[in-house]
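The primary structure of each chain is shown beneath.
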Amino acid sequence: MDQRATVSKVTTGMRVVDSAGIDVGTVDLVQRGDPNAVTVQAPTADPGSSLDELIESAATEEPDVPADLAARLLRTGYLKVSTELVATGAVYVPADQIAAVTADEVLLNALTTDLPAEA
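It should be emphasised that the depicted structure is a prediction, and the values quoted were computed from it without experimental measurement.

1. Here we look at the overall build of the chain
- Within the chain, the secondary structure is distributed over three helices and six strands.
- Listing each helix as α and each strand as β along the chain from the N terminus yields α-β-β-α-α-β-β-β-β.
- The buried share among the 119 residues of the chain stands at 36%.
- In the chain, 58% of the contacts between residues at least 6 apart in sequence involve partners at least 24 apart.
- Of the roughly 6,700 Å² of accessible surface on the chain, a fraction of 51% belongs to carbon and sulfur atoms.

Shown next, in the form of structure tokens:
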């Protein structure tokens, strides 16, 4: 299934279930992939920056994972899922780990333990 089409069927608030049938949590953020997103720039704002620069740096905080993984997620698309199963309170689901989308659930082809946690 086309990953972009799959991600476009997901909406915030949907329940997410992993491949073992464990309820992971609920979707907080849906990000469609951008094949042209090849790099992730670190925020450059410092205490002396303008308000526009601070707003821009805050807008680039997602996904909150290491840069190489963030670049992959931005290219392929991802979901951010609120969960009580990890200490940070959220995990990211790469688009290629979505097995199916029903009317109210996202079914994964991965285990919760395989999903990258928010940093």
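Now that the structure has been shown, we can carry on.
2. Let's talk about the nonpolar core
- Within the largest apolar cluster, 16 residues are counted, with the highest numbers of intra-cluster contacts made by Leu 79, Val 106 and Leu 108.
- Of all the elements in the fold, those that place two or more residues in this core are strand E2 (23-32), strand E3 (77-82), strand E4 (90-94) and strand E6 (105-108).
- Here Leu 79 is in contact with Val 10, Val 27, Leu 29, Val 30, Val 91, Tyr 92, Val 93, Ile 98 and Val 106, once residues within four sequence places are set aside.

3. Points about the confidence of the model for the chain
- Model confidence for the chain is summarised by a mean pLDDT of 85, while 80% of its residues fall at 70 or above.
- Across residues 42-47, confidence stays below pLDDT 50; counting only partners more than four residues off in sequence or on other chains, it has seven contacts.

4. A word on the packing of aromatic side chains
- The tally for this structure, following the rule as stated, stands at one aromatic pair.
- Judged by centre distance (5.6 Å) and plane angle (70 degrees), the rings of Tyr 78 and Tyr 92 are edge-to-face. Here the residue Tyr 78 occupies a position in strand E3, and Tyr 92 occupies one in strand E4, the gap between them amounting to 14 residues. An identical accessibility class is assigned to Tyr 78 and Tyr 92; each is buried.

5. Brief notes about the side chain of Gln 97
- Here Gln 97 is to be found in the loop between E4 and strand E5 (98-101).
- Take Gln 97: its relative accessible area is 17%, and that puts it in the buried class.
- If near-sequence neighbours (up to four positions away) are discounted, Gln 97 is found in contact with Leu 107, Leu 108, Asn 109, Ala 110 and Leu 115.

6. Quick look at the pairing of E4
- The buried count for E4 comes to five of five residues, which makes it a mostly enclosed element.
- On E4, burial covers both faces: Ala 90, Tyr 92 and Pro 94 on one face and Val 91 and Val 93 on the other are all buried.
- In this sheet, E4 lies alongside E3 in antiparallel orientation, the contact comprising five bridges. Its bridge partner lying in E4, Val 81 is registered against Val 91.

7. Observations regarding helix H3 (residues 67-76)
- Of the positions making up H3, those classed as buried are Leu 69, Ala 70, Ala 71, Leu 73 and Leu 74.
- Here the buried face of H3 lies against E2, E3 and E4.

8. Digging into the pattern of salt bridges
- Considering all chains together, one arrives at five salt bridges under this definition.
- Of the charged contacts, one joins Glu 62 and Lys 80 as a salt bridge, the two residues approaching to 2.7 Å between their closest N and O atoms. Placement of the pair is Glu 62 in the loop between helix H2 (51-59) and H3 and Lys 80 in strand E3, with a sequence separation of 18 residues.
- Note on Glu 62: relative accessible area 29%, which makes it partly exposed.
- A salt bridge links Glu 118 to Lys 80; its shortest N-O distance comes to 2.6 Å. Placement of the pair is Glu 118 in the segment after E6 and Lys 80 in strand E3, with a sequence separation of 38 residues.
- In this structure Lys 80 comes out as buried when scored by relative accessible area, which is 12%.
- What emerges from the salt-bridge pattern is a single network uniting Arg 15, Asp 23 and Glu 105.

Rules used throughout
- Residues numbered from 1 in each chain as written.
- Predicted model: local features only at pLDDT ≥ 70, side-chain atom pairs only at ≥ 80, totals over all residues.
- Heavy atoms only, no water.
- Helix = DSSP H or I, 4+ residues; strand = E, 2+ residues; numbered from the N terminus.
- Buried < 20%, exposed > 50% of the residue type's maximum accessible area, 1.4 Å probe, protein only.
- Contact = heavy atoms within 4.5 Å.
- Areas by Shrake-Rupley, 256 points an atom, 1.4 Å probe, with all protein chains shown as cover.
- Core = buried A, V, L, I, M, F, W, Y, C linked by side-chain atoms within 4.5 Å.
- pLDDT = per-residue confidence, 0-100.
- Phe/Tyr/Trp six-rings, centres within 6.5 Å; stacked < 30°, edge-to-face > 60°.
- Pairing = 2+ DSSP bridges.
- Salt bridge = Lys/Arg side-chain N within 4 Å of Asp/Glu carboxyl O.

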